[in-house]
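# Commentary on secondary and tertiary structure
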Amino acid sequence: MGIIEVLNGKAYSKQGVYHGYKTHASIKRVIAYITDLRKTNENLIKGLNCSAQNAYEEFVLNKTLWDKPENGKRRMVTHMVQGFDPEDELTPEVASEIAEKFLKHEIFRGFQVVYATHIDTGKLHTHFIIDTCNTETGKQWHLSKEELQKLKDYSDELCREYKLSICQKKEHYTVPHRRKNEVEVLKQGGSWKEEIRIAATICAQSAISRADFIRQMRELGFGVTWKDEHKYIVFSDQAGHRVRHHRLEPAEAFTKEALLEQFRLNKQALEIQRAEAVEEQRKDMEAYQGFRSFLYAAKTLVQMADQPYPLQNHDAFKGIGTQAAMREYAAEQKKGRGYER
């Protein structure tokens, strides 16, 4: 989940003076912060159009060459962060590689950037410190809302390239609020996520394949996006709510592996049930054939009888109400013994 954030450096000194990366000292501090070896490693500290080790000096020199060294008058650097989902399978080296590709966007052309991937929080993220003076034109860095969106879209493209999760705009702004009151909503029976969980549980217990599961969910009014190249299964309802499988509880029951195993067991149980049904049908057919044989024998006996109540007084018809008696008689008929008095 490559989330792009721009930090404007709002901070105050002990004297209450606003800095906002408008002083040389603030440049030095923020570069020292992102390159702190307690937060990163040397191989994860890099530079674009500058040396990572001498970024501060090169930033100041560039501003001087373009006659823009005004200390305290304008923003001297921009601080940007690219964060990733902790659940994504991502190494610090790959995160740094993504950062390098991210800086190839045309918006960074001619700008000096020092960047470092931090590994100290359990959530990989890369800090970018951008010199606001372009080395080729001397123009000041300016990022409009449209350009910021382009950078976010480009970051998403890189995440797809590396098969990482994408932060959907709707989820990004609404999920924190839902989580805050989710328990109360659940108690009131108005949780869309709980509705999806129940539907997914029901369908998972009856589906015999992924396609069957998706079909059953669709019949209940829910969508399922399940692609081999994506790490997560995404469930959605008709109101547009979306949730990844690991947000449902228990999370381990809705993984791709767990669902596929459940489908296998369901299919196995269904095959056993069908086999048992076939066996019952076979037994019913034998019973039917047995009754037909009994009927023929009964007709013969009645026609040839020289005493009253011939059926109940003949051994072959005693216990006729049991399936065992019919199967036994049918078996005797197969031996070719025929009917005997």
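Being a predicted model, the structure only gives us computed values, none of them experimental. (Residues numbered from 1 in each chain as written. Predicted model: local features only at pLDDT ≥ 70, side-chain atom pairs only at ≥ 80, totals over all residues. Heavy atoms only, no water.)

Let's shift gears to the overall build of the protein chain. When you go through the protein chain residue by residue, the secondary structure sums to 9 helices and 8 strands. Across the 341 residues that make up the protein chain, the buried fraction comes to 38%. For the protein chain, restricting intrachain contacts to residue pairs at least 6 apart in sequence, the fraction spanning at least 24 positions comes to 65%. If you sum the accessible surface of the protein chain, you get close to 20,700 Å²; carbon and sulfur atoms cover 52% of it. (Helix = DSSP H or I, 4+ residues; strand = E, 2+ residues; numbered from the N terminus. Buried < 20%, exposed > 50% of the residue type's maximum accessible area, 1.4 Å probe, protein only. Contact = heavy atoms within 4.5 Å. Areas by Shrake-Rupley, 256 points an atom, 1.4 Å probe, with all protein chains shown as cover.)

Contact pair helix H3 (residues 92-102) / helix H4 (residues 145-161): the axes reach a minimum separation of 10 Å and the direction vectors enclose 135°. It follows that H3 is oblique to H4 by the angle criterion. Like other packed secondary-structure pairs, H3 and H4 cross with a definite hand, here right-handed. Side by side, H3 and H4 meet where Ile98, Lys101 and Phe102 of the first sit next to Leu151, Tyr154, Ser155, Leu158 and Glu161 of the second. Broken down by class, the residue content of the contact of H3 with H4 amounts to 5 nonpolar, 1 polar and 2 charged. (Axes fitted to C-alpha atoms, helices over the stretch in contact; angles between N-to-C directions. Parallel < 35°, antiparallel > 145°, perpendicular 65-115°, else oblique. Left-handed = near helix turned anticlockwise from the far one by under 90°. Nonpolar A, V, L, I, M, F, W, Y, C, P; charged D, E, K, R; others polar.)

Where burial is concerned, most of strand E5 (residues 125-131) is hidden: 7 out of the 7 residues are buried. Residues His125, His127, Ile129 and Asp131 point to one face of E5 and Thr126, Phe128 and Ile130 to the other, with burial holding for every one of them. Of the pairings in the sheet, the one linking strand E3 (residues 77-83) to E5 comprises 7 bridges and is antiparallel in character. By the bridge assignment, Met80 is partnered in E5 with Phe128. Across 6 bridges, the pairing between strand E4 (residues 113-118) and E5 is antiparallel. Among the inter-strand pairings, Thr117 is bridged to a residue of E5, identified as Thr126. Between E4 and the antiparallel strand that follows it, E5, lie 6 residues; Gly122 among them carries a positive phi value of about 85°. (Pairing = 2+ DSSP bridges.)

Turning next to the sheet that holds strand E2 (residues 45-48). Here 5 strands make up an open sheet; going across it, the order is E1-E3-E5-E4-E2 and the pairing antiparallel. The sheet is open, and its two edges are formed by strand E1 (3-7) and E2, each paired on a single side. Between one strand axis and the next, the sheet turns by 20° as a mean value, whatever way the strands run. Alignment of E2 against E4, held across 4 bridges, turns out to be antiparallel. Paired with Lys46 across the strands is Tyr115, a residue of E4. In the packing of helix H2 (residues 55-65) onto the sheet, the strands contacted are E3, E4 and E5, and the crossing angle to E5 comes to about 30°. Those strands touched by H3 are E1, E2, E3, E4 and E5, and its axis lies near 155° from that of E4.

Moving on, we get to the pattern of salt bridges. Counted under the stated rule, the structure contains 11 salt bridges. Here Lys63 ties to Asp131 by a salt bridge, and the two come within 2.8 Å at their closest N and O atoms. Of this pair, Lys63 sits in helix H2 while Asp131 sits in strand E5, placing them 68 residues apart in sequence. The closest approach of N and O atoms between Arg244 and Asp85, which form a salt bridge, is 3.5 Å. In this pair, Arg244 sits in strand E8 (residues 242-244) while Asp85 sits in the loop between E3 and H3, placing the two residues 159 residues apart along the sequence. As far as burial versus exposure is concerned, Arg244 and Asp85 are alike and both buried. Residues joined in a network through salt bridges with shared partners are Asp212, Arg215 and Glu219. (Salt bridge = Lys/Arg side-chain N within 4 Å of Asp/Glu carboxyl O.)

Another aspect to go through is the pairing of E3. Judged by how many residues are buried, E3 sits mostly within the fold: 7 of 7 residues are covered. Side chains Val77, His79, Val81 and Gly83 project from E3 onto one buried face, and the interleaved Thr78, Met80 and Gln82 project onto a second face that is buried too. Pairing analysis gives 5 bridges linking E1 to E3, with the strands arranged antiparallel. Residue pairing for E3: Val6 is matched across the bridge by Met80.

Read these as layout, nothing more, since geometry by itself doesn't imply function.
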